[in-house]
Amino acid sequence: MDATLLPAVAEGAVVLTATHHLAHLLSAAHDAQQLAAGRTAWPTATILPLPAWLARTWRETWPAEHLLGEAQAVAAWELAVRADDTLCGPELLSEGAAARLAYEASALATAHRLPDEVGLDSTDEYEAFRRWRRRFRALCRSRDWLDPGDLTDRVITGITRGTIRAPSRLLMAGFDDVPPSTQELLDALRRAGSLVELWQRAAFESPPPTLVTAADEREEIRLVADWVRRAWRPGRQLGVIVPDLARRRAVIERILAAELSPASLAAPFAAPTAFTVGLGTPLDDEPIVHVALGLLALLQSRVPFATLSLLLHAPFVGEGLVERDRRGQLDAWLRRRRDAHLTLAQTIRGADVVGVPRLAARLRAVEEQRRALRGATPATTWADRFGAVLDVMGWPGERTPDSREAQAVRAWHDRLATFASLDGQLDRCDLGAAIDRLTRLCRERVFQPRATGATVHVLGVLDAACLRFDETWILGMHANALPRPARPHPLLPPALQRRYGLPHASPDGELTFARQLFARLLQTAPCVTVSVPASLDGGGERTSISPLLAALAPQSGAAPTSRALRTLVHAARAEEWTCDTPVATSAGQHR
């Protein structure tokens, strides 16, 4: 971590970050510095993502309006969209998708001060969005709701009027550019006496990066794994930076886990510990949460066999370890029925036949709860019922959860509470709609477990740009990764987005942003390696080198023999057996 930031934090400066993960990394670095100094207690540092600081600062004024959370705001947008089916229908956008896009478009329009007017560059999508926005704002006024997109303006007003106290010093970390609304906030803070800084690391002289080419994306990841094994020493911090981390995360995590900690291949529910990945995943991808959602499916009249099979083998169900063998036999018994869906009564009968008494007792309790369900009810009632089902089924199991699982359980309870808070935005709903809504909330919740003590960090470009490592490898630097293709928002006129400089609106803007960002990435370590795959996985699409690397001469990289393969081969034990009876082959010969 840069030495100029942490002393300011220790002196009480407020640090606002561009991403949640960067706030976590900076907080961890500050705590580690305090421990290294021999302290056993110290004041909590104020290191927060900008939206979190705005919300906390505004709530301290005891406002009359209710600040909508993101899920509440999107649900309120659904109410506004539902009255207008212009862009919604079976072959168009769903109400939920349209509401999500409208929520994002409104936040962009407010942050960049877009005029609410129709010009020659207007589009049908923009006209629909403006109608939805008028309804949404009227709804917020009638119910004393505050749109999260308007929060910055409320804080600016509070600072100007003196109802919000400005911090003495404030540093903005990870911001390459700030929208007009944020700039107005910083100006208001300066007028109120704050010392405001857009923090950047001190630059240092470093040799040009080494450019390596790989045959494809998988070989590129194996090159990185081999580099980690050679470069790692106790106490050294290694950075692996991936511009397209969202797309490649699963493959990167799987290959690095196999290469750096092959033992993890035999633990399907365990997370790799040799490295951390900075980009979160949907919460419903976490096994312990996926099982919780599967348990709720037991309330339905018919349950998919695939869901039942998952639950029978999961360690997150009560007595899952004690009855593991018998539950495996029950899975086989149900599988022989060859039914894609089964009733809970059929499953209970199978548990009685096979002899799985504890599971059968839990399923009977769920069956009683299922029979008591009566029509559409509010979200709060469904949340209570869902919690009761999980309790009856013994979720999350008897074994002590590891750190990642414990954090996922806390995130699940947070999502369940968020679902319960939607009474004001949702009509009464039936079981299917309630499960769908909760599943969507879990899918939209990016789960980023906090890990301590890791020395190998796999990060996206925005999180990594503010950090410093002993060595860095930037992979996937092909022409479509950085700079990214322009991606204007679909509900706002492209010409309007370009005119007001919205992010991702134009190729020129993406190139300018990419150049600034790449220059900062090259400053993350004294020694930087950059790699480019010659083709993409999943279709063999050929790639070209990013224009940002035009001045570098490429070197070929040959992936070493897979350590995972070597480990599995060396660990395998050949079994010798004899058989007196000849075995017939397909050709009629005998062995």
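The structure reproduced in this document is the subject of the present report. Computed from a predicted structure; not experimentally measured.

Before going further, it helps to spend a moment on the overall build of the chain. Of the regular secondary structure elements, the chain holds 22 helices and 17 strands. Across the 591 residues that make up the chain, the buried fraction comes to 48%. Restricting to contacts in the chain with at least 6 residues of sequence separation, those with at least 24 account for 78%.

Glancing now at the sheet that holds strand β1 (residues 14-17). What the 4 strands build is an open sheet, ordered β2-β1-β5-β6; its pairing is parallel. Each end of this open sheet is capped by a strand with a single partner; those strands are β2 (47-49) and β6 (195-199). Across the sheet, the mean angle separating the axes of adjacent strands is 25 degrees when strand polarity is ignored. By the bridge criterion, 4 bridges tie β1 to strand β5 (residues 169-173) in an arrangement that is parallel.

We now examine the pairing of strand β16 (residues 528-533). Counting buried residues along β16, 6 of its 6 residues qualify, which places the element largely inside the surrounding structure. Here β16 shows a buried face lined by V528, V530 and V532 and a second buried face lined by T529, S531 and P533. Where strand β15 (residues 471-474) meets β16, 3 bridges bridge the pair, whose relative direction is parallel. Looking at the pairing, W473 lines up with T529 of β16.

Moving on to the packing of helix α7 (residues 151-161) against helix α8 (residues 180-191). Put simply, α7 and α8 touch, their axes get as near as 9 Å, and they point 15 degrees apart. In terms of orientation, α7 and α8 fall into the roughly parallel class. Like other packed secondary-structure pairs, α7 and α8 cross with a definite hand, here left-handed. Residues T152, V155, I156 and I159 of α7 form the contact with α8, whose own contacting residues are S181, E184, L185, A188 and L189.

The subject of this paragraph is the packing of aromatic side chains. The full count for this structure, using the stated rule, is 7 aromatic pairs. Seen from their ring centres, W77 and F129 are 6.3 Å apart, and the 15 degrees between their planes marks the pair as stacked. Separated by 52 residues along the polypeptide, W77 in helix α4 (residues 70-82) and F129 in helix α6 (residues 124-143) bring together distant segments of the chain. Of the two residues, W77 and F129, both sit in the buried class.

In the structure shown here, the tally under the stated rule is 34 salt bridges. Taking the shortest distance from any N to any O, the salt bridge between E319 and R362 comes out at 2.8 Å. Of this pair, E319 sits in the loop between α12 (305-313) and α13 (324-335) while R362 sits in helix α15 (residues 357-371), and the two are 43 residues apart along the sequence. Where R327 meets E323, a salt bridge forms, and the shortest distance between an N and an O atom there is 2.9 Å. No difference in accessibility class separates R327 from E323, as the two residues are buried. One salt-bridge network, held together by shared partners, links E78, R82, E95, D427, R437 and R440.

The general pattern is negative phi for most residues beyond glycine and trans for most peptide bonds. Of note, the amide linkage connecting W395 to P396 takes the cis form, showing an omega dihedral of 15 degrees. For P396, the position within the fold is in the loop between α16 (379-392) and α17 (403-420). Cis peptide bonds are those with omega within 30 degrees of zero, and the linkage from L482 to P483 qualifies with 0 degrees. The residue P483 is located in the loop between β15 and α20 (494-499) in this model. We note that W62 has phi near 55 degrees; this positive angle belongs to a residue other than glycine. Along the polypeptide, W62 turns up in the loop between α3 (50-59) and β3 (66-67). Residue classification places W62 among the exposed residues on the basis of a relative accessible area of 79%. Even without being glycine, R113 reaches a positive phi, approximately 55 degrees. For R113, the position within the fold is in the loop between α5 (95-111) and α6. On the basis of relative accessibility, which here comes to 27%, the residue R113 falls in the partly exposed class.

Topologically, G239 is positioned in strand β8 (residues 238-241). Once residues lying within four places of it in the same chain are set aside, the contact partners of G239 are W227, H457, F469, E471, T472 and W473.

Rules used throughout
- Residues numbered from 1 in each chain as written.
- Predicted model: local features only at pLDDT ≥ 70, side-chain atom pairs only at ≥ 80, totals over all residues.
- Heavy atoms only, no water.
- Helix = DSSP H or I, 4+ residues; strand = E, 2+ residues; numbered from the N terminus.
- Buried < 20%, exposed > 50% of the residue type's maximum accessible area, 1.4 Å probe, protein only.
- Contact = heavy atoms within 4.5 Å.
- Pairing = 2+ DSSP bridges.
- Axes fitted to C-alpha atoms, helices over the stretch in contact; angles between N-to-C directions.
- Parallel < 35°, antiparallel > 145°, perpendicular 65-115°, else oblique.
- Left-handed = near helix turned anticlockwise from the far one by under 90°.
- Phe/Tyr/Trp six-rings, centres within 6.5 Å; stacked < 30°, edge-to-face > 60°.
- Salt bridge = Lys/Arg side-chain N within 4 Å of Asp/Glu carboxyl O.

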